[in-house]
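Now for the letters of each chain:
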Amino acid sequence: MSDDAARPLRADARRNRDKIIQAAARVFAGEGLDAHLERIAREAGVGTATLYRNFPTRQALIEAVYRNEVAQLCDAVPGLLDAHPPLAALRAWTRLFLDYVTTKHGMADALQAIAATGDNPYGNSRAMIQAAVTTLMEACAAAGAIRGDITSADLTAALTGIAHTCPRADQRAQAERLLDLTLDGLRIQPAR
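Residues numbered from 1 in each chain as written. Predicted model: local features only at pLDDT ≥ 70, side-chain atom pairs only at ≥ 80, totals over all residues. Heavy atoms only, no water.

### Thoughts on the environment of leucine 87
Spelled out, the test is: Under the scheme used here, helices are H or I runs from DSSP no shorter than 4 residues and strands are E runs no shorter than 2 residues, and both carry numbers assigned from the N terminus.
With respect to the secondary-structure elements, leucine 87 resides in helix 6 (residues 86-116). Each C-alpha atom, one on leucine 87 and one on isoleucine 146, is 7.9 Å from the other, the two residues being 59 residues apart in sequence.

### Quick word on the nonpolar core
What counts, and what does not: Buried Ala, Val, Leu, Ile, Met, Phe, Trp, Tyr and Cys residues that are joined via side-chain atoms within 4.5 Å together make up what is termed a nonpolar core. Burial classification: accessible surface area is computed with a 1.4 Å probe over protein chains only, and a residue below 20% of its type maximum counts as buried, one above 50% as exposed, and the rest as partly exposed. In what follows, a contact means two residues having at least one pair of non-hydrogen atoms within 4.5 Å.
Formed by 55 residues in total, the largest nonpolar core has its most connected members in Phe28, Ile40, Leu61, Trp93 and Phe97. Elements with a minimum of two residues in this core: helix 2 (11-31), helix 3 (37-44), helix 5 (58-83), helix 6, helix 7 (125-142), helix 8 (152-165) and helix 9 (172-186). Top contributing element to this core by residue count: helix 6, with 12 residues. The contact partners of tryptophan 93, leaving out residues within four places of it in the chain, are Leu73, Val77, Leu80, Ile129, Ala132, Val133, Leu136 and Leu159.

### Some remarks on the pattern of salt bridges
The criterion, for reference: When a carboxyl oxygen of Asp or Glu is within 4 Å of a side-chain nitrogen of Lys or Arg, the pair counts as a salt bridge.
Applying the stated criterion to the full structure yields 14 salt bridges. In this structure, the salt-bridge partner of arginine 91 is aspartate 180, at a minimum N-O distance of 2.6 Å. Taken together, the positions of arginine 91 in helix 6 and aspartate 180 in helix 9 put the pair 89 residues apart, joining distant regions of the chain. Across the pair glutamate 176 and arginine 172 runs a salt bridge whose closest N-O atoms are separated by 2.8 Å. Note that glutamate 176 and arginine 172 are positioned in helix 9 at a spacing of 4 residues, about one turn of the helix. Residue glutamate 176 is classed as partly exposed on the basis of its relative accessible area, which comes to 26%. When its relative accessible area of 22% is taken as the criterion, arginine 172 is described as partly exposed. Three or more residues joined by partner-sharing salt bridges are found here, namely Arg91, Arg95, Asp99, Arg172, Glu176, Asp180, Asp184 and Arg187.

By themselves these figures say nothing about function.
Shown next, in the form of C-alpha cells:
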C-alpha cells in the first residue's frame with residue numbers, strides 16, 4: 001500500500017467521497033448501474049476528476065456504494081434501540097433490511113461480476129449483519145420479548161430467505177407480511 005493510500009483523507013476530501021457515494025446510490029437506484037459517472041459527479045456537486053480520483057473504476061464505485069449501504073444498515077441498530085423498545089427496534093430494523101435488500105438486488109449482477117474477477121465486494125458484510133441481528137435479539141431477550149430457543153443465525157437465515165423470495169420493490173408488501181409472520185413467531189406466547 002502506498003503512503004498516499006495509507007494516509008487518512010482530509011475532511012473536505014472525505015466529504016466529497018461521501019457525497020459521491022450518496023449521489024451514486026441515488027443515481028444507480030433511479031437509472032441503473034450503467035448510469036453515466038459524469039451524472040453522478042454532477043449530482044454530488046463535484047468534478048469528474050474528483051470522482052475518478054476517489055473511484056477510478058465503475059466497479060470501485062459500485063463496491064463503495066454497496067459497503068456504505070451495509071454500514072448504514074448496521075449502524076442504525078444503536079439509534080433504533082435508543083428510540084424504541086427492543087422488539088419495536090427489531091421490527092424497524094427488519095424494514096431497513098428490506099430497503100437494503102431492494103438496493104442490493106439492483107446491484108446483484110454487478111457485485112457478482114466483481115466477485116468473478118477475484119475481488120470480494122462483500123468484505124465482512126455478512127458478519128456485520130449477523131452482529132446487528134445478534135445485538136437486537138439480545139436486547140429483545142433481555143426484555144423478555146422473544147423466545148430463547150431461536151438464535152440470531154436462525155433469524156438471519158429467515159431474513160435471507162425473505163430477501164431472496166421478495167427482493168424487488170414491487171414485492172415489498174409480501175416481504176413485510178413475511179417479516180411480520182417471522183417476528184410474531186419469535187415472540188413469547190402467553191401460557192394457556
